[in-house]
Amino acid sequence: EKFSKEIYSSDFAMQFALAARGYTIMPWNESAQMHQDKEIPLSGPKDAAFRHYSGPVGKPTYELKLQKEDSKLAKERPAKYQ
């Protein structure tokens, strides 16, 4: 079988995994959904403790580089995963 990101995205998977283990899932007032703009939330408070980025703004932390002093804490990605 083939699975698509549309069905098994992290937005679904995390809630499903927590609920399957007995946790109650509900909205969190200190979160914001960032969709069209990196600074102005689609929903939630502008100064939210947690910001979930999606859509056109992408994931701004995906391309963060490891600081030099932390380089000994991780290895390079294997070539087959680059």
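Residues numbered from 1 in each chain as written. Predicted model: local features only at pLDDT ≥ 70, side-chain atom pairs only at ≥ 80, totals over all residues. Heavy atoms only, no water.

Trainee: How should the side chain of His52 be read in this particular structure?
Mentor: Within the secondary structure, His52 sits in strand E2 (residues 50-53). Only 3.1 Å separates the side chain of His52 from the side chain of Gln33, close enough to count as a polar contact. Not counting residues within four places of it along the chain, the set of residues in contact with His52 comprises Asp11, Ala32, Gln33, Met34 and Lys59. (Helix = DSSP H or I, 4+ residues; strand = E, 2+ residues; numbered from the N terminus. Polar contact = N/O pair within 3.5 Å; in protein donor to acceptor, adjacent residues only side chain to side chain. Contact = heavy atoms within 4.5 Å.)

Trainee: Explain the confidence of the model for the chain here, please?
Mentor: One rule of thumb: low pLDDT means the predicted coordinates there are not for detailed reading. For the chain, per-residue confidence averages 85 on the pLDDT scale, and 90% of positions sit at 70 or higher. Mean pLDDT per element in the chain: helix H1 (residues 10-20) is the minimum at 83, and strand E1 (residues 31-34) is the maximum at 92. (pLDDT = per-residue confidence, 0-100.)

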